[in-house]
Amino acid sequence: MSYAGAAALPEPVRPDHVPVELLRDFDHHTDPEFLAEPFEYLERFRDQRVIFSTAWGGFWVPTRAEDIREAYQRPDVFSNYPGGLPVREGAPPMIPEELDPPDHTKYRRAVSGMFSPRRVKELEDGIRKLAAELVDEASGKDSIDLVDDFAVPLPTRIFMARLGLPLENADLFVEWNNTLLHALGEDKQRANHEVGDFLRKLVAERAANPQDDWISEMLATEVDGVPLDPDTVVGITFLFFLAGLETVTAGTTFAFNFLARSPEHRAKLAADPESAPKAVEELLRYFSFTNIARRVTQDVHFAGVDMRAGDRILLCNSLVSRSPSENDRHDVVDFDRAAPRHSAFGMGPHRCLGSHLARLELGIALELWHKKIPEYTVADGAVIDMWGGTNMAIKHLPLKLG
Amino acid sequence: MKIEIDRPRCEGHARCNAIVPELFVLDEDGYIDTDGFDVPPALEDDAEVAAASCPERVITVVR
């Protein structure tokens, strides 16, 4: 995986309708200054209600929580299709993510039951078993890469179990996932086609021989009285694949990168591992690592500026979660916070479908880890390198255990 | 104390339900299954926290 396909970044754009004082050279994919401290970097935009990045074809970035919330809640004006920034090409359409209401609503409701808090809870024992195995493996070592040895295998194994796939495919899944999320250009197109082919074959197999897994359940689900067709199930599974693996990896890694450097928070969690779900909520708030693109469908006055149909807008969730308007002491990590309000999972009709599963996975990961491995630090001399883009993520996190 | 919920705008974050499951009841899909209710005095503090936790800001406390 690499940025090889994007050796030439697009030329900066300065559209006539954008006030000059709002132009910024903001590249959330490759700018080393942003990638060094992305959350802090975004805060520098807060003195403007909205800025316009000249990178990647140009895009607006609203900075106020209430504006970002409104954009999420008005999918007629801020459409989710086509997705990505730059726009995703060559892939099967992601359903329901890349549909807008009313079509979105039908498909969303068809699959949301599978991810309701109640249904997700039923997966808890299986997730605990997979997480305990990984914690046991880690606890026997002096040092690990948290990403390769824990944060990647955990959601990958959970996902594969829910698709009824053997674990020997795990490495291939991890490589596809990394390429789809982080590469730009040819590598990404290739992976899009490979994953599409793999999923079409898998869905055909499950259609012939249903099992107790997500794909079989979706094939038996009806929308408007008609079962979901195999192509739609491929699209939905593709979205699960893209949205469900690296996000949990990223959330886990941001959490551990913080905990490994904060003895006080680590000790609190180790003293009371069952409090992990509260810690997870606060860590999701403080490290809201997704930046979600929307397309402006009509000329609109929004966030104090005139946006044009066809403009793109980037909703940086950290700007909601760290906003002074959303939480008292917004710049403090407090595991005892009664109700951290955040948009780590986005807002509006496209709110992350897997959010309850992600919360469960992260909570179990932190609980079981701190029961067994209460003491750890970032390895001496480790340099933290980050992926940018839609899903920001730490590439590797070498930890010294014990 | 009363809770009012702008139910069509619920997006299923279920933060309210995580805090006071007995009041903020969810439907089969995980979305809120009530337009509002009277809050028993013993649960007023928790209900207030639950209302504040809504990322969509569709839960209102009425006194």
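Everything discussed here concerns the structure shown above.
All figures in this text were calculated on a predicted structure; none of them were measured in a lab.

(A) Molecular detail of the sheet that holds strand β3 (residues 59-62) of chain B. All names here are of chain B. One open sheet accounts for three strands, arranged β2-β1-β3; its pairing is antiparallel. With partners counted over all chains shown, the strands left at the sheet margins are β2 (36-38) and β3, one partner each. Between one strand and the next, the sheet's axes are offset by a mean angle of 15 degrees, whatever the strand orientation. Where strand β1 (residues 2-5) meets β2, three bridges bridge the pair, whose relative direction is antiparallel. The partner of Ile3 across the bridge, within β2, is Phe37. Helix α2 (residues 44-52) rests against β1 and β3 of the sheet, and its axis sits at about 145 degrees to β3.

(B) Main features of the interface of chain A and chain B. Taken together, the 23 residues of chain A in the interface contact 20 residues of chain B. With both sides pooled, the region where chain A packs onto chain B buries about 1800 Å², and carbon together with sulfur makes up 41% of that total. Put simply, Arg109(A) and Asp29(B) hold a salt bridge, and the shortest N to O gap is 3.2 Å. Of all the secondary-structure elements, those providing two or more residues to the side of chain A that touches chain B are α3 (65-73), α4 (103-112), α5 (117-121) and α17 (355-372) of chain A. With three residues, α4(A) is the single largest residue contributor to the side of chain A that touches chain B. For the side of chain A that touches chain B, the residue count by class is five nonpolar, nine polar and nine charged.

(C) Structural view of helix α6 (residues 124-139) of chain A. Residues and elements named next belong to chain A. Spanning 16 residues, α6 covers 22 Å between terminal C-alpha atoms, matching the ideal 22 Å at 1.5 Å per step. Among the residues making up α6, those that are buried are Glu124, Ile127, Leu130, Ala131, Leu134, Val135 and Ala138. Taken end-on, α6 shows its buried residues confined to a sector of 135 degrees, consistent with a single buried face. Turned more than 90 degrees away from the buried face of α6 sit Asp125 and Lys129, all of them exposed. Packing partners of the buried residues in α6 comprise α5, β5 (143-145), α7 (146-151), α8 (153-162), α17 and β15 (398-401).

(D) Region of interest: unusual backbone geometry. Residue and element names in this part refer to chain A. In the segment running from Leu85 into Pro86, the intervening peptide bond is cis, with an omega of 0 degrees. Topologically, Pro86 is positioned in the loop between β4 (78-79) and α4. The omega torsion of the bond from Pro101 to Pro102 falls at 5 degrees, within 30 degrees of zero and hence cis. One non-glycine residue with positive phi stands out, namely Ala303, at about 55 degrees. Position of Ala303 among the secondary structure elements: in the loop between β9 (300-302) and β10 (305-307).

(E) Looking closely at the environment of Val147(A). All names here are of chain A. Its place among the elements puts Val147 in helix α7. Along the sequence, Val147 and Ala303 sit 156 residues apart, while their C-alpha atoms lie 38 Å from each other. Val147 has contacts with Val152, Pro153, Thr249, Thr253, Ile394, Lys395, His396 and Leu397, leaving out every residue within four places of it along the chain.

(F) Spotlight on the packing of aromatic side chains. Residues and elements named next belong to chain A. Per the stated rule, a full pass over the model turns up 30 aromatic pairs over all chains. A ring pair is formed by Phe256 and Trp369, whose centres lie 4.8 Å apart and whose planes are at 75 degrees; its orientation type is edge-to-face. With Phe256 in helix α13 (residues 246-259) and Trp369 in helix α17, this residue pair connects regions lying 113 residues apart in the sequence. Owing to a relative accessible area of 0%, Phe256 belongs among the buried residues under this scheme. Sitting over the ring of Tyr41, Arg44 keeps its end group 3.8 Å from the ring centre. Between Arg322 and the ring centre of Tyr286, over which it is positioned, the NZ or CZ distance is 3.7 Å.

(G) The arrangement of the nonpolar core in detail. Residues Phe26(A), Met307(A), Trp369(A) and Leu399(A) are the most contacted members of the largest nonpolar core, which totals 133 residues. The greatest single-element share of this core, amounting to nine residues, is contributed by α17(A). If you look at the next biggest cluster of nonpolar residues, it comprises 21 residues, including Leu43(B), Cys54(B), Val58(B) and Ile59(B).

(H) Fine view of the layout of surface pockets. In this structure, the second largest pocket spans a volume of roughly 740 Å³. Among the elements of the structure, α5, α6, α15 (276-286) and α17 of chain A together with α1 (15-19) of chain B are those that each provide at least two residues to the lining of the second largest pocket. The greatest single-element share of the lining of the second largest pocket, amounting to six residues, is contributed by α17(A). Among the residues making up the lining of the second largest pocket, the classes are represented as 12 nonpolar, four polar and nine charged.

Cut-offs applied
- Residues numbered from 1 in each chain as written.
- Chains lettered and ligands numbered in written order.
- Predicted model: local features only at pLDDT ≥ 70, side-chain atom pairs only at ≥ 80, totals over all residues.
- Heavy atoms only, no water.
- Pairing = 2+ DSSP bridges.
- Helix = DSSP H or I, 4+ residues; strand = E, 2+ residues; numbered from the N terminus.
- Axes fitted to C-alpha atoms, helices over the stretch in contact; angles between N-to-C directions.
- Contact = heavy atoms within 4.5 Å.
- Buried area = accessible area lost by both parts, 1.4 Å probe.
- Salt bridge = Lys/Arg side-chain N within 4 Å of Asp/Glu carboxyl O.
- Nonpolar A, V, L, I, M, F, W, Y, C, P; charged D, E, K, R; others polar.
- Expected span 1.5 Å × (residues − 1).
- Buried < 20%, exposed > 50% of the residue type's maximum accessible area, 1.4 Å probe, protein only.
- Arc of directions from axis to C-beta.
- Phe/Tyr/Trp six-rings, centres within 6.5 Å; stacked < 30°, edge-to-face > 60°.
- Lys NZ or Arg CZ within 6 Å of the ring centre and 35° of its normal.
- Core = buried A, V, L, I, M, F, W, Y, C linked by side-chain atoms within 4.5 Å.
- 1 Å grid on protein atoms, 1.4 Å probe; cavity = no way out; pocket = protein on both sides within 12 Å on 5 of 7 lines; lining within 4 Å.
- Points joined across faces, edges and corners; volume = space filled by probe spheres on them.

Geometric values such as these leave the question of function open.
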